[in-house]
Amino acid sequence: MKQRRRSFLKTAGSLGLAMPVIGPSFFNLREDKPLGIAMVGLGSYAKNQIGVALENTGAWKLTGLVTGTPSKVPEWKKRFPGIKDENIFSYENFDKIAGAKDIDVVYITLPNGLHAEYTIKAAKAGKHVICEKPMANTVEEAEAMLEACRKAGVKLAIGYRCHFEPFNLEVMKYGREKTFGRINFMQTNFGFRIGDPTQWRLKKALAGGGPLMDVGVYCIQAARYTLGMEPVSVSAQWGPVTDPTRFSEVEESISWQLTFPEGVTVNGFSSYRTNVETMFASCDKGNFEMSPAWSYGPLKGRTPLGEMNLPVVHHQTYQMNGMAPYFRSKDPLPDHFSGVEGLRDMKILMAIYEAARTGKVIAL
Ligand code: NDP
């Protein structure tokens, strides 16, 4: 079964289903030597999603691990045979990764508050970086990450998997090509009921904020990539706090309203109290919507023409196959999945917090 799924994914990837936006075909790459990649932080996303992508792809080879938990290493070595002992690092000796010639790129799947520190260290070690979303805790950190990568001449991508996923690529097309006419209004909601009260997602220093940082960033992304425009101002409101102990450091929920050019309004909502995941666009000639819109799927969507009928794919496999040619190329990464895009989102996220704190409309 597993083998069948792998070969389906390889076939789907080679068909270039997400290619209109991601450029060169993965198919051409298969003859090349895989890019060497090291995972930094072996938590849930690394193990259950990026790890699966690395099993599915021929474009990348896992050649290194960075972890604070040595007991995780045997399982990873068994799963990915061939990782050399000298390519296993701790956070303390991370800088030694500079000497690992078979590691081209590091993939940072650490808590948000550690993204800047390890991206900057990786850049200084001469490694390209893929960093998970949100890019950082603050705009200043994001700018420092971009500057460190620019100085070192390395590339910085953000794990924006939706830019490689068929349903999201399709709504980008609807919005930008005005398939159903002009979009006048969008609603974007992403929340889930958070579990373990001791987890890092509830600690300001490690998470940067609450659900807005974690999943609200998908709403911001969707608004921007569907409309193909940048917002000009934002207002925002905190939601009620029903559990003051759990939510002593980060918000429990938050609502915002982004104004885009041409008088388009995008309302957003993000929460750690309730499960919600929808995007809705009201256009001149009808509406289109997705729910679920951004989680691992299967995603579902409807347009005035009926149900969206698109391939259901493993997002992270598409992301890794889609990003690979750009890491091989001498050209800079395209903005839409790079640190440049991450910084734009960070500015909007911080403006939403400022708007909620001050009660003012914040210009962007
Ligand atoms: P986890 O808590 O599952 O994993 C984080 C890992 O980071 C830990 O297992 C640990 O690995 C390492 N770590 C180092 N220092 C700390 C610390 N002080 N506290 C906690 N962990 C630490 O988180 P996730 O995997 O869910 O999230 C990691 C990143 O990935 C986040 O930025 C998140 O936003 C992003 N993410 C992205 C998703 C997407 O769809 N694009 C989905 C889920 C998460 P070790 O023991 O090896 O040191």
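1. Describing the site of the ligand
Item 1. Around the ligand sit 27 residues in total, of which Thr67, Thr69, Lys72, Tyr91 and Asn112 are the nearest.
Item 2. At a separation of 2.8 Å, an oxygen atom of the ligand approaches a polar backbone atom of Gly68.
Item 3. If the ligand stood free it would expose 890 Å²; the protein chains cover 81% of that surface.
Item 4. Within the residue set of the shell around the ligand, elements represented by two or more residues are α4 (44–56) and α10 (211–227).
Item 5. Of the residues that constitute the shell around the ligand, the class distribution is eleven nonpolar, ten polar and six charged.

2. Quick notes on the pattern of salt bridges
Opposite charge on two side chains permits them to pair, given that their charged atoms come into close proximity.
Item 1. All told, the structure shown has 19 salt bridges when counted by the stated rule.
Item 2. Residues Lys47 and Glu75 are paired through a salt bridge, measuring 3.4 Å at the closest nitrogen-oxygen approach. Of this pair, Lys47 sits in helix α4 while Glu75 sits in helix α5 (residues 73–79), and the two are 28 residues apart along the sequence.
Item 3. Owing to a relative accessible area of 45%, Glu75 belongs among the partly exposed residues under this scheme.
Item 4. Each of Arg224, Glu230, Asp335, Glu341, Arg344 and Asp345 takes part in salt bridges that share partners, so that together they form one network.

3. Side note on the packing of α4 against helix α11 (residues 315–328)
Item 1. Where α4 meets α11, the axes come as close as 8 Å, and the angle between the chain directions of the two elements is 55°. The angle between the axes of α4 and α11 places the two elements in the oblique class. Where α4 crosses over α11, the two elements pack in a sense that is right-handed. Within the contact between the two elements, α4 uses Tyr45, Gln49, Ile50, Val52, Ala53, Leu54 and Asn56 and α11 uses Gln316, Thr317, Gln319 and Met320.
Item 2. Among the residues forming the contact of α4 with α11, the class breakdown is six nonpolar, five polar and no charged.

4. Some words on unusual backbone geometry
Item 1. Note the cis peptide between Lys133 and Pro134, where omega equals -15°.
Item 2. By the element assignment, Pro134 lies in the loop between β5 (128–131) and α7 (139–152).
Item 3. Following Gly297, the chain continues into Pro298 via a peptide bond in cis, with omega recorded as 5°.
Item 4. Phi at Glu262 takes a positive value of approximately 65°, unusual for a residue other than glycine.
Item 5. With respect to the secondary-structure elements, Glu262 resides in the loop between β9 (253–260) and β10 (264–271).

5. What about the sheet that holds strand β14 (residues 306–307)?
Item 1. Spatially, the nine strands line up as an open sheet ordered β14-β13-β12-β11-β7-β10-β9-β8-β15, and their pairing is mixed. Strands at the two margins of the open sheet, each flanked by one partner only, are β14 and β15 (362–363).
Item 2. By the bridge criterion, eight bridges tie β9 to β10 in an arrangement that is antiparallel. Residue Thr259 lies in a different strand from β10, and its bridge partner there is Thr265.
Item 3. In the packing of helix α8 (residues 166–177) onto the sheet, contacts are made with β7 (183–191), β11 (276–283), β12 (286–290) and β13 (301–303), and the angle to β12 comes to roughly 155°.
Item 4. Against the sheet, helix α12 (residues 339–358) makes contact with β8 (233–238), β9 and β15, and its axis sits at roughly 55° relative to β8, the strand it touches most.

Scoring rules and cut-offs
Residues numbered from 1 in each chain as written. Predicted model: local features only at pLDDT ≥ 70, side-chain atom pairs only at ≥ 80, totals over all residues. Heavy atoms only, no water. Near = heavy atom within 4 Å. Polar contact = N/O pair within 3.5 Å; in protein donor to acceptor, adjacent residues only side chain to side chain. Areas by Shrake-Rupley, 256 points an atom, 1.4 Å probe, with all protein chains shown as cover. Helix = DSSP H or I, 4+ residues; strand = E, 2+ residues; numbered from the N terminus. Nonpolar A, V, L, I, M, F, W, Y, C, P; charged D, E, K, R; others polar. Salt bridge = Lys/Arg side-chain N within 4 Å of Asp/Glu carboxyl O. Buried < 20%, exposed > 50% of the residue type's maximum accessible area, 1.4 Å probe, protein only. Axes fitted to C-alpha atoms, helices over the stretch in contact; angles between N-to-C directions. Parallel < 35°, antiparallel > 145°, perpendicular 65-115°, else oblique. Left-handed = near helix turned anticlockwise from the far one by under 90°. Contact = heavy atoms within 4.5 Å. Pairing = 2+ DSSP bridges.

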